[in-house]
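Report on the structure
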Amino acid sequence: MHLFHSHSWDISPQEAVAIQRELRQWVIAANVSPDLDTLNIASVAGVDVSARGGMSCAAIAELAFPTLTLRGSSTAVAPLRFPYVPGLLSFREAPAILAALEKMDHLPDVLILDGQGMAHPRRLGIATHIGVLLDHPTIGCAKSRLFGSYEEPGELRGSQSPLRGHDGRLIGAVLRTRDRSRPVFVSPGHLIGVRESVRMVMSCADGYRIPLPTRLAHRRVGEYKRSACL
């Protein structure tokens with residue numbers, strides 16, 4: 001695994017904000033990303049992180065695409081060096097994610113992270129942060145809104161409404177992945193657009209609210225924490 005950008009993780013919140021502002025210049029804007037059909041996607045991975053006892057545990061669940069059969073998984077732990085600060089979550093979680101990805105013999109074609117992408121006050125949520133560091137396609141699929149305004153989408157599966165920043169710019173979509181369930185908040189991370197991100201998440205939605213890749217990653221995190229007594 002090669003990092004196209006790197007920085008220290010042992011920093012203050014003020015330094016973290018400055019790093020976000022520096023890295024966002026490298027984000028490939030949603031409206032100029034390649035179409036999903038041109039990416040030749042053969043695999044997709046869900047990424048989830050959980051913290052306990054001063055440690056952060058990350059899990060990657062890789063699936064073949066579009067069949068969504070499980071190919072494998074990877075887990076890693078890293079010390080928590082950064083406090084919990086809204087908008088700076090990636091500085092707590094990214095070291096463990098990168099450690100888990102480092103254990104894999106290849107990067108899955110697309111990473112779906114349980115968190116925000118461009119739907120972030122500085123356009124650099126965890127999905128975008130990881131995507132820029134790796135220069136790799138990433139998508140944020142969060143359970144709740146961090147930033148932006150929207151109208152509630154329709155109640156049926158596949159219904160969506162635009163998620164916009166304060167300037168009116170499209171930064172994601174509010175997506176119903178299951179009839180009459182709460183929506184998820186999908187936003188591009190890097191090298192993929194809003195439309196393609198929604199299509200990818202819907203392609204991985206197998207009847208549950210949370211798409212299969214991140215659901216499996218969440219399950220793997222729990223299993224690893226129990227087995228490691230974290």
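Here the structure is shown first, and the text comes after it.
Below, the structure is looked at part by part. These numbers were taken from a predicted model, which means no experiment stands behind them.

Comments concerning the packing of helix α2 (residues 90–102) against helix α3 (residues 126–134)
Packing of α2 against α3 leaves a shortest axis separation of 10 Å and a crossing angle of 45 degrees. For the element pair α2 / α3, the angle class is oblique. In the packing of α2 onto α3, the handedness of the crossing is right-handed. Residues Ser-90, Phe-91, Glu-93, Ala-94, Ile-97, Leu-98 and Leu-101 of α2 pack against Ile-126, His-129, Ile-130, Leu-133 and Leu-134 of α3. Taken together, the residues that form the contact of α2 with α3 break down as nine nonpolar, two polar and one charged.

Concerning the pairing of strand β3 (residues 70–79)
Of the strand pairs in this sheet, strand β2 (residues 55–64) and β3 are connected by nine bridges, and their pairing is antiparallel. The partner of Ser-56 across the bridge, within β3, is Ala-78. Where β2 folds back on β3, the antiparallel hairpin that results is connected by five residues, among which Leu-68 adopts a positive phi of roughly 65 degrees.

Remarks on the nonpolar core
Ranked by internal contacts, the top residues of the largest apolar core, which has 34 residues, are Ile-60, Phe-91, Ile-97, Leu-101, Leu-111, Leu-113 and Ile-130. Elements that contribute at least two residues to this core include exactly α1 (13–23), β1 (43–52), β2, β3, α2, β4 (110–113) and α3. Not counting the four nearest positions on each side in its chain, Leu-113 is found in contact with Val-47, Ile-97, Ile-126, Ala-127, Ile-130, Thr-138, Ile-139, Gly-140, Cys-141 and Thr-214.

Here's the deal with unusual backbone geometry
Cis geometry is found at the peptide bond from Phe-65 to Pro-66, where omega equals 10 degrees. Of note, Pro-66 is situated in the loop between β2 and β3. Phi at Arg-180 takes a positive value of approximately 60 degrees, unusual for a residue other than glycine. In the Ramachandran plot, Leu-191 falls in the positive-phi region, its phi being about 60 degrees despite a non-glycine side chain. Here Leu-191 lies in the loop between β8 (184–190) and α4 (194–203).

Some thoughts on the packing of aromatic side chains
This model, assessed by the stated rule, comprises three aromatic pairs. Geometrically, the ring pair formed by Tyr-150 and Phe-185 is edge-to-face, given 5.3 Å between the ring centres and 80 degrees between the ring planes. In this pair, Tyr-150 is assigned in the loop between β5 (138–142) and β6 (160–164) and Phe-185 in strand β8, connecting sequence segments 35 residues apart. Take Tyr-150: its relative accessible area is 31%, and that puts it in the partly exposed class. You can call Phe-185 buried: its relative accessible area is 6%. By the ring-pair criterion, three or more aromatic residues cluster together here, those being Trp-9, Phe-82 and Phe-91. Arg-215 extends its terminal NZ or CZ atom over the ring of Tyr-208, reaching a point 4.1 Å from the ring centre.

Criteria and thresholds
Residues numbered from 1 in each chain as written. Predicted model: local features only at pLDDT ≥ 70, side-chain atom pairs only at ≥ 80, totals over all residues. Heavy atoms only, no water. Axes fitted to C-alpha atoms, helices over the stretch in contact; angles between N-to-C directions. Helix = DSSP H or I, 4+ residues; strand = E, 2+ residues; numbered from the N terminus. Parallel < 35°, antiparallel > 145°, perpendicular 65-115°, else oblique. Left-handed = near helix turned anticlockwise from the far one by under 90°. Contact = heavy atoms within 4.5 Å. Nonpolar A, V, L, I, M, F, W, Y, C, P; charged D, E, K, R; others polar. Pairing = 2+ DSSP bridges. Core = buried A, V, L, I, M, F, W, Y, C linked by side-chain atoms within 4.5 Å. Buried < 20%, exposed > 50% of the residue type's maximum accessible area, 1.4 Å probe, protein only. Phe/Tyr/Trp six-rings, centres within 6.5 Å; stacked < 30°, edge-to-face > 60°. Lys NZ or Arg CZ within 6 Å of the ring centre and 35° of its normal.

Any functional reading would require information that these geometric values do not contain.
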